[in-house]
Amino acid sequence: MVFYFKARPEAGDYTIFMGLDKYENEELIKYGFPEDVWFHVDKMSSAHVYVRLHKGQTIDSMSEGLLEDCAQLVKANSIQGNKVNNVDVVYTPWSNLKKTASMDVGQVGFYNSKMVRTVKVEKRINEIVNRLNKTKVERTLDLKAEREAYNQAEKADRKLQQRDKKRREDMDRLEKEKQAEIRSYKGLMVAEKMTSNKEIASANKSLQELEDDFM
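Predicted model, so just to flag it, every value in this text is computed and none were measured.

Conventions used here
Think of each chain on its own: its residues are numbered from 1, step by step along the sequence as written. Only residues with pLDDT of at least 70 get local features here, since the model is predicted, and only at 80 or more are side-chain atom pairs given and counted; chain-wide, interface and lining totals rely on the full set of residues. Values reported for side chains reflect all heavy atoms of the structure, with hydrogen atoms and water molecules removed beforehand. Runs of H or I in DSSP of at least four residues are treated as helices and runs of E of at least two as strands, each being numbered from the N terminus. Partly exposed residues are those whose accessible area sits between 20% and 50% of the maximum for their type, while under 20% is buried and over 50% is exposed, using a 1.4 Å probe and protein chains only. Nonpolar cores were defined as sets of buried Ala, Val, Leu, Ile, Met, Phe, Trp, Tyr and Cys residues, with membership established by side-chain atoms within 4.5 Å. Contacts were defined at the residue level, with two residues in contact if any of their heavy atoms lie within 4.5 Å. For this document, the term salt bridge refers to a Lys or Arg side-chain nitrogen within 4 Å of an Asp or Glu carboxyl oxygen. Residue-level confidence of the predictor is what pLDDT reports, using numbers from 0 through 100. For two strands to pair, DSSP has to find at least two bridges joining them. Here an axis means a line fitted to C-alpha atoms, over the contact stretch when the element is a helix, while the angle between two N-to-C directions is reported on a 0 to 180 degree scale. Each angle receives one of four descriptions, namely roughly parallel if under 35 degrees, roughly antiparallel if over 145, roughly perpendicular if within 65 to 115, and oblique otherwise. Polar here means any residue other than Ala, Val, Leu, Ile, Met, Phe, Trp, Tyr, Cys and Pro, which are nonpolar, and Asp, Glu, Lys and Arg, which are charged; Gly is therefore polar. Under the pairing criterion, centres of Phe, Tyr and Trp rings, with the six-membered ring standing for Trp, must be within 6.5 Å; the plane angle then separates stacked pairs below 30 degrees from edge-to-face pairs above 60, leaving the rest tilted. Working rule: Lys NZ or Arg CZ, within 6 Å of ring centre, within 35 degrees of ring normal, means a charge sits over the ring. Along the arc lie the directions from the helix axis toward the C-beta atoms. In protein, a polar contact means a hydrogen-donor-capable atom and an acceptor-capable atom, both N or O and within 3.5 Å, with residues adjacent in sequence counting only if both atoms are side-chain atoms; elsewhere, any N or O pair within 3.5 Å suffices.

Q: Describe the overall build of the chain, with residues and values.
A: For the chain, the helix and strand inventory stands at six helices and nine strands. Scored against the burial criterion, the 215 residues of the chain give a buried share of 32%.

So, in structure tokens, the structure goes:
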């Protein structure tokens, strides 16, 4: 079971989601999307909250409103973190989550600590949490199948891009060849290198003149 929430409208069309429990979190860690950003209360137990960014976006391009929604939701879903003020929430791209065989279910580390960001949440803002909860939808999904479908779509898109790139390269090559041919033709047609019909006629004797010379 995965819980889905809608971010504030002014932030844009973004979906925030989290797993039901640590086993669901394990699936989300395993089958996340490259556009996903992971949130967790630092040094405390909490839900694993994600937001799916748009293609081309990075965690540093997230708006303050979107960041606040995610941070408030993860704080509200931390038993300890929800009771205290001034908690730190860490977040990082899904691709930076590191999972090893020795880790417990739902536990993660990071490949690169420099890619981890921290935002301080001074207190729970009920207005934000209540608004998010009103958009809450529960869905049972095959996360593996969803990721495989994503991979297939990405593969098809890469093929299309490669085909378009080759077509552009072929067109550029043909255009260069055409321009080279035009330049070569113009070189042959330089005025100084050309001879008029009149000049040709004056340089060659007529048949009558040749006969007169023979006689």
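Structure shown, so let's carry the discussion forward.
Q: Got a sec to walk through the nonpolar core? Specific residues and values, please.
A: The biggest cluster of nonpolar side chains holds 29 residues, and the ones touching the most others in it are Ile16, Phe39, Val51, Met62 and Leu66. No other element matches helix H2 (residues 64-76), which puts six residues into this core. Leave out the neighbours within four places in its chain, and Phe39 touches Ala47, His48, Val49, Val51, Met62, Leu67, Cys70, Val74, Val89, Val90 and Tyr91. In terms of nonpolar packing, the next biggest core, distinct from the first, is built from 14 residues, Val2, Tyr4, Trp38 and Val108 among them.

Q: Could you give an account of the pattern of salt bridges, with specific residues and numbers?
A: Taken as a whole, this structure holds nine salt bridges when the rule is applied. Across the salt bridge formed by Arg117 and Asp60, the nearest N and O atoms sit 2.9 Å from each other. Highlighted residues: Arg117 in strand E8 (residues 117-121) and Asp60 in the loop between strand E4 (49-52) and H2, separated in sequence by 57 residues. With relative accessibility at 55%, the residue Asp60 sits in the exposed group. In this structure, the salt-bridge partner of Lys120 is Asp88, at a minimum N-O distance of 3.0 Å.

Q: Can you break down unusual backbone geometry residue by residue, with the values?
A: In terms of backbone geometry, most residues other than glycine have negative phi values and most peptide bonds are trans. Of note in the backbone geometry, Lys43 takes a positive phi value of approximately 60° without being a glycine. Secondary-structure assignment places Lys43 in the loop between strand E3 (36-41) and E4. In this structure, Asn86 takes a positive phi of about 55° despite not being glycine. Relative to the assigned elements, Asn86 resides in the loop between H2 and strand E5 (87-93).

Q: I'd like to hear about the confidence of the model for the chain, residue by residue, with values.
A: Summarising the model, the chain shows a mean pLDDT of 85, and 84% of its residues fall at 70 or more. The lowest-confidence element of the chain is helix H6 (residues 207-214), averaging 52 in pLDDT; the highest-confidence one is E5, averaging 98.

Q: Describe the sheet that holds E8, and please don't skip the residues or the numbers.
A: The seven strands lie next to each other as E8-E5-E3-E4-E2-E1-E9, forming an open sheet whose pairing is antiparallel. A strand with exactly one partner marks an edge of an open sheet, and here the two such strands are E8 and strand E9 (137-139). The mean angle between the axes of side-by-side strands here comes to 30°, regardless of whether they run parallel or antiparallel.

Q: Break down the packing of H2 against helix H3 (residues 126-134) for me, with residues and values.
A: Here H2 crosses H3 at 90°, and the two axes come no closer than 9 Å. It follows that H2 is roughly perpendicular to H3 by the angle criterion. For the pair formed by H2 and H3, the contact residues are Glu68, Asp69, Gln72, Leu73 and Ala76 on the first element and Ile128, Val129, Arg131 and Leu132 on the second. Taken together, the residues of the contact of H2 with H3 break down into five nonpolar, one polar and three charged.

Q: Which residues make up the packing of aromatic side chains, and what values do they have?
A: Counted under the stated rule, the structure contains five aromatic pairs. With a centroid separation of 5.0 Å and an interplanar angle of 10°, the aromatic rings of Phe39 and Tyr91 are classed as stacked. In this pair, Phe39 is assigned in strand E3 and Tyr91 in strand E5, connecting sequence segments 52 residues apart. Judged by its relative accessible area of 0%, Phe39 is buried. Following the ring pairs from residue to residue traces out a cluster consisting of Tyr4, Phe17 and Tyr50. Lying across the ring of Phe33, Arg52 places its NZ or CZ 3.8 Å from the centre.

Q: Account for helix H1 (residues 22-30), naming residues and giving values.
A: Among the residues of H1, those classed as buried are Glu24, Asn25, Leu28 and Ile29. The buried side chains of H1 occupy one side of the element, clustering within an arc of 145° when seen end-on. Exposed residues lying more than 90 degrees from the buried face of H1 are Tyr23 and Lys30. Its side-chain oxygen at 3.0 Å from the backbone nitrogen of Tyr23, Asp21 defines the N-terminal cap of H1.

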